[in-house]
Structures are given as C-alpha cells and as structure tokens.
Number of protein chains: 2
Amino acid sequence: MLERGLASTRVADIAKATNVSGGLIHYHFATKDDLITEMLRSTSDSEIQRLKEIVAGPGTAVQLLDRVLRFYIPASRSDQSWILWVDAWAVGVREEHVRTILLELEDAWIEILSQVISAGVASGEFTCDDPLGSAERIDGMLDGLVVRYTLHTGNLSRSRMLHHARVAAAREVGLRLSDFPDEPAEAP
Amino acid sequence: MLERGLASTRVADIAKATNVSGGLIHYHFATKDDLITEMLRSTSDSEIQRLKEIVAGPGTAVQLLDRVLRFYIPASRSDQSWILWVDAWAVGVREEHVRTILLELEDAWIEILSQVISAGVASGEFTCDDPLGSAERIDGMLDGLVVRYTLHTGNLSRSRMLHHARVAAAREVGLRLSDFPDEPAEAP
DNA sequence: TCATTGACTGATTGACCAATCAGTAGTATG
DNA sequence: CATACTACTGATTGGTCAATCAGTCAATGA
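1. Remarks on the overall build of chain A
Line of reasoning, step 1. Per the secondary structure count, chain A includes eight helices and zero strands.
Line of reasoning, step 2. Each helix and strand of chain A, ordered N terminal to C terminal, gives the series α-α-α-α-α-α-α-α.
Line of reasoning, step 3. Considering only C-alpha atoms, chain A reaches an extent of 60 × 35 × 30 Å along its principal axes.
Line of reasoning, step 4. A buried classification covers 48% of the 188 residues belonging to chain A.
Line of reasoning, step 5. For chain A, the share of sequence-separated contacts (at least 6 apart) that also reach a separation of at least 24 residues comes to 61%.
Line of reasoning, step 6. Carbon and sulfur atoms make up 53% of the accessible area of chain A, which totals about 8,600 Å².
Line of reasoning, step 7. With 19 positive and 28 negative side-chain charges, chain A shows a spacing of 7 Å between the two charge centroids.

2. Points about unusual backbone geometry
Line of reasoning, step 1. With a phi close to 55°, Asn19 of chain A is a non-glycine residue in the positive phi region.
Line of reasoning, step 2. If you trace the backbone, Asn19 of chain A turns up in the loop between helix H1 (11–17) and helix H2 (22–28).

3. A word on a nonpolar patch on the surface
Line of reasoning, step 1. Side chains of Val20, Leu24 and Tyr27 of chain A sit close together on the surface and give an oily, nonpolar patch of about 300 Å² of accessible area.
Line of reasoning, step 2. Positionally, Leu24 of chain A belongs in helix H2.

4. A closer look at the protein's contact with DNA strand D
Line of reasoning, step 1. Every residue close to DNA strand D is listed here: Thr9, Arg10, Val11, His26, Thr31 and Lys32 of chain A together with Val20, Ser21, Gly23, Leu24, Tyr27 and His28 of chain B.
Line of reasoning, step 2. Protein-proximal atoms of DNA strand D, defined as those within 4 Å of the protein, fall in sugar or phosphate at a share of 71%.
Line of reasoning, step 3. In the model, a phosphate oxygen of DNA strand D is placed 2.9 Å from a nitrogen or oxygen of the Val11 of chain A main chain.
Line of reasoning, step 4. Within the backbone of Lys32 of chain A, one N or O atom sits 2.7 Å away from a phosphate oxygen of DNA strand D.
Line of reasoning, step 5. Counting residues per element, the surface near DNA strand D draws most heavily on helix H2 (residues 22–28) of chain B, at four residues.
Line of reasoning, step 6. For the surface near DNA strand D, the per-class residue count stands at four nonpolar, six polar and two charged.

5. Focus on the interface of chain A and chain B
Line of reasoning, step 1. With 42 residues of chain A in contact, the opposing surface of chain B contributes 42 residues.
Line of reasoning, step 2. Carbon and sulfur atoms supply 58% of the area buried between chain A and chain B, which totals about 3,500 Å² over both sides.
Line of reasoning, step 3. Broken down residue by residue, the surface that chain A buries against chain B is led by Arg94, Arg137 and Arg171 of chain A, which jointly contribute 19%.
Line of reasoning, step 4. For Arg148 of chain B, the salt bridge identified is with Asp107 of chain A, shortest N-O distance 3.5 Å.
Line of reasoning, step 5. The set of elements that each furnish at least two residues to the side of chain A that touches chain B consists of helix H5 (81–92), helix H6 (96–122), helix H7 (131–151) and helix H8 (158–173) of chain A.
Line of reasoning, step 6. Its residues placed into classes, the side of chain A that touches chain B shows 19 nonpolar, eight polar and 15 charged.

6. Some details on the protein's contact with DNA strand C
Line of reasoning, step 1. What surrounds DNA strand C is the set Val20, Ser21, Gly23, Leu24, Tyr27 and His28 of chain A together with Thr9, Arg10, Val11, His26, Thr31 and Lys32 of chain B.
Line of reasoning, step 2. Counting only atoms of DNA strand C within 4 Å of the protein, the sugar-phosphate share comes to 72%.
Line of reasoning, step 3. Here His28 of chain A contributes a side-chain N or O atom positioned 3.2 Å from a phosphate oxygen of DNA strand C.
Line of reasoning, step 4. Take His26 of chain B: an N or O atom from its side chain is 3.0 Å from a phosphate oxygen of DNA strand C.
Line of reasoning, step 5. Of all the elements, H2 of chain A adds the most residues to the surface near DNA strand C, at four residues.
Line of reasoning, step 6. Among the residues forming the surface near DNA strand C, the class breakdown is four nonpolar, six polar and two charged.

7. Let's talk about the nonpolar core
Line of reasoning, step 1. In terms of nonpolar packing, the biggest core is built from 109 residues, with Leu40 and Trp89 of chain A together with Trp89 of chain B touching the most fellow members.
Line of reasoning, step 2. Setting aside its immediate chain neighbours within four residues, Trp89 of chain A contacts Trp82, Leu102, Glu106, Asp143 and Val147 of chain A together with Val86, Trp89, Val147 and Leu151 of chain B.

8. Details of the environment of Ala7 of chain B
All names here are of chain B.
Line of reasoning, step 1. By the secondary structure assignment, Ala7 is in the segment before helix H1 (11–17).
Line of reasoning, step 2. For Ala7, a relative accessible area of 59% translates into the label exposed.
Line of reasoning, step 3. For Ala7 and Lys32, which are 25 residues apart along the polypeptide, the C-alpha to C-alpha distance reads 9.9 Å.

9. Considering the environment of Ser157 of chain A
Residue and element names in this part refer to chain A.
Line of reasoning, step 1. Topologically, Ser157 is positioned in the loop between H7 and H8.
Line of reasoning, step 2. Take Ser157: its relative accessible area is 27%, and that puts it in the partly exposed class.
Line of reasoning, step 3. Ser157 sits 24 residues away from Pro181 along the chain, and the two C-alpha atoms are 19 Å apart.

10. Focus: the packing of aromatic side chains
Line of reasoning, step 1. Following the criterion strictly, the structure yields nine aromatic pairs over all chains and no others.
Line of reasoning, step 2. Arranged with centres 4.1 Å apart and planes meeting at 45°, the rings of Tyr72 of chain A and Trp109 of chain A form a pair that is tilted. With Tyr72 of chain A in helix H4 (residues 61–72) and Trp109 of chain A in helix H6, this pair connects stretches of sequence that are 37 residues apart. Taken as a pair, Tyr72 of chain A and Trp109 of chain A share a single burial class, namely buried.
Line of reasoning, step 3. Measuring from ring centre to ring centre gives 5.7 Å for Phe71 of chain B and Trp109 of chain B, while their planes differ by 25°; the resulting arrangement is stacked. Pair noted here: Phe71 of chain B is in helix H4 (residues 61–72) and Trp109 of chain B is in helix H6 (residues 96–122), with a separation of 38 residues, a long-range link.
Line of reasoning, step 4. A residue is classified by how much of its surface remains accessible, and Trp109 of chain B, at 5% relative accessible area, is buried.
Line of reasoning, step 5. Every member of this aromatic cluster is reached through a ring pair, and the members are Phe71, Tyr72, Trp82, Trp89 and Trp109 of chain A together with Phe71, Tyr72, Trp82, Trp89 and Trp109 of chain B.

What counts, and at which threshold
All chains use their own residue numbering, which begins from 1 and follows the written sequence. Going through the entries in the order they are written, you letter the chains from A and number the ligands from 1. The model is predicted, so local features are restricted to residues of pLDDT at least 70 and side-chain atom pairs to those at 80 or more, both for listing and for counting; the totals for chains, interfaces and linings are taken over all residues. The basis for the side-chain values is all heavy atoms of the structure; hydrogens and waters are excluded. Counting from the N terminus, the helices are DSSP H or I runs at least four residues long and the strands are E runs at least two residues long. Three labels apply to residues, based on accessible area from a 1.4 Å probe with only protein chains included: buried if under 20% of the type maximum, exposed if over 50%, partly exposed otherwise in between. Whether two residues are in contact is decided by their heavy atoms: any pair within 4.5 Å suffices. Per-residue accessibility takes into account occlusion by the displayed protein chains alone, with areas from the Shrake-Rupley method and a 1.4 Å probe. Within this scheme the basic residues Lys and Arg register as positive and the acidic residues Asp and Glu register as negative, but His and the chain ends are omitted. Charged groups are reduced to one reference atom each: NZ for lysine, CZ for arginine, CG for aspartic acid, CD for glutamic acid. A residue counts toward a patch only above 30% relative accessible area and without a salt bridge, and it is joined to like-charged neighbours within 9 Å or, for Val, Leu, Ile, Met, Phe, Trp and Tyr, to nonpolar neighbours within 5 Å. The term salt bridge refers to a pairing of a side-chain nitrogen on Lys or Arg with a carboxyl oxygen on Asp or Glu at a separation within 4 Å. Being near a molecule or strand, for a residue, comes down to having at least one heavy atom within 4 Å of it. Two N or O atoms form a polar contact when they lie within 3.5 Å of each other; inside protein one atom must be a possible hydrogen donor and the other a possible acceptor, and for residues adjacent in sequence the pair counts only when both atoms belong to side chains. Under the scheme applied, nonpolar residues are Ala, Val, Leu, Ile, Met, Phe, Trp, Tyr, Cys and Pro; charged residues are Asp, Glu, Lys and Arg; polar residues are all the others, including Gly. Note: buried area is the sum, over both parts, of the accessible area (probe 1.4 Å) each one loses when the two are combined. Definition of nonpolar core: a set of buried residues of the types Ala, Val, Leu, Ile, Met, Phe, Trp, Tyr and Cys, connected through side-chain atoms within 4.5 Å. When two rings of Phe, Tyr or Trp (its six-membered ring) have centres within 6.5 Å they constitute a pair, described as stacked for plane angles under 30 degrees, edge-to-face for angles over 60, and tilted for the intermediate range.

Function cannot be inferred from these measures alone, as they are strictly geometric.
Quick look at the structure:
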C-alpha cells in the first residue's frame, strides 16, 4: 500500500505480498474498500494507543511535550507511514467512512497535545491561556511540515523540522527553545 | 476534477463537462496524465501570479502579511480549490512531475512570506531573526489547518483559522494580535 | 467413519475506461 | 477549384482488475 498508493494497489498485489490467493482476500473482506477502511482504522487505533502511552509515562511537561513532538515527526526517510495518511486525506475528501477515521485521529492528537499543555500550565511549567488553540496550531503546523518532508525529500531535514516544532511549541507555552531536552536541534 | 478527484475523473467526464467528444481531449492531450499535469501547472502558475500581485501592492508590512494569510485561507466552504492540492499531494508522492509542480508552488509561498517578513523587519515594523524559518512554520501551519478545514466541514471555522494564522504570525514577527487589521477574528 | 465447516485456491467473468482510428466538416492557400 | 490542414466526432478496441465461483484440503466432532 505504501509502495503503490491506496488507489492503485490491486487486490492481486496484496495477495502477492501476503502469499495468499486473491480469492482469500475477498473471503475475508467483502470489497477492496472494506479492506482499506479496516486497515486505516487499525493503523489509526494503534497510533492513538501509542500516543496515549507516551503521555501516560513519567516525565515533566516539557519532556512529555517533546516526546509527543518527536513521535509526530517521521523517524527517518524510510519511515513512510505518513504516505498512508496523505493518501487517506485525498480519499477522505470523497468518502465519509475514511473521513471519520481521519477526524478521530486528528482529534486524538489535538486532545492529547491540549492535555499535555494544560498539565504543564497546572504545574506552573507552562504559560498558555488557550491550550486547545495552541494544540490546534501545533498539530496543524506539524501536519503541513510533514507533507513537505514526505513529498520533497531533501528539501527539509528531520532535524530542521524538529527545530520548527520546538520553536513553535516553545512560543505557544511560554518557554525558550533552550528549555527543551538536550538533543541538538539543527541551527536555522 | 474537484467533484470526482484527480484519479477517478474519467476522460469521458471531462468531455461531458466541456461539451466536446472524448476524442478531442486526446487530440489536444496525448494522455490523461498530460492533461492533469498541464492543469496543475496552469493552476499553480496563476496562483503564484496572484500572490505576487498581492505583495507588490501598496500597504504596510502588517497589511501585506494579513492579505497573504487571507489569500491562503479558502474564501468559503464552497471554495474547493484546496481539494485539488490535497489530491495532488497524494499523486505527487509517486509521480515526480507532479511533485515538481507542488515543490515550486510551496517554495513560492515560502519565499514570498519570507520576503514580506524581511521587508517588515527592514522597515522596523517586525522583529524576527529568522524570516525564512518563520515563513516555513507559517506555511506549514496553514497547509495543515487547510487540510482540516477542507476535510472536516464544520470542525474548524474559517474565522477560527484566520485567528490561528494571525496568532502564529504575530508571534513570529513580534507583534500582538491587535496589531492586525480590524476584521474581527473569532474568539478562541 | 462419515458429515460438516472453515480456510483457501486459481480460473473466469464482466464492467470499466484510456486510447485509437476512420471519417466529417470547415477554412485557408495557391 | 483543388489541395491540404486543423478541429472535431463517436464507435471500437484492448487491457486491466474487482469480484465471483466451483472446487480442494484439513480439521473437528458426532
């Protein structure tokens, strides 16, 4: 699916990749659309779960925020998971069941970002009078940057993306860039 | 194309919509891919030109910045031009000639945003030590928010999007939200 | 031991659609 | 007037692919 794209992956391709017959695919999934929907749902669910585990873990608010930002950003060039979501956006424009999954995923991200910020405000680490708004802006920025990163290999490095994420997040919660954990962020 | 999507629009659909025969489409465009590419190129070019006209116009740096932000954001629900680009992103992942067009368009946006910010710094209106970085962040955020706006009707209002854009831009160039022109931005 | 069921195969079918092609009509050129 | 050229039509073709279907095989259980 990552190789060929949601639309132009044939049922026969999936059959080949999984070493089963085309018939078996249709034995388990009534239509190709069903298969795609279930795949997206399952991917989204495990992403949300991983995310929840991160924020449930130990650490200060800055550490948690940084971990969330890092989880957002693709681990490397070879981490192609985002290709799936860019594909899904295009499908989601027309198909409501896909759109629903996307909405849930995005809402989860925003809600969790918002929670992390609120917790930091409560503990006195952060200053922010609109955690939800900040979460929406950070989420939006990361979505946009990831598209750029995914599409235009070499035009935006991972470390520069992380730098951007930290600069923006720092501004949103009233920190300085240097307040973030030590991993070096490439200079602008 | 906006109705059915880049991938599932048939040549016959275009023929019907333009009141010509299918044959004529192939008389002018060797393949469907050619047609799509030329369409994207042409749309991108006129978008870039409009953008250049805006920044070449009169006004203070804040006014120009605000005009650029407003041009970015879809005019209304019925302004579906962004659907095209979300579609194109998905295609661009696999097809280089589409990717090239997308890269050019995005670079143009970033360059112009960066120029407007630099001009504002030069005139003393703005404070910003990394105009290019700021432009990348603002561009990214708008891309991401627009996807959300385009996909999830009703989940994010246009005025809230404009609010987000202004808050983020204000922070990037050292202004307060109230420094932007008067059109009311919805409360958070 | 025989019937039933669930997992699975691979060939087939039928719909769909980009691209082709033979042919028509109108216009310009010498 | 004849030739040539451009714009155009609509029927046809050939390839692609989701979905179906008849049938195999192994495990379960009465």
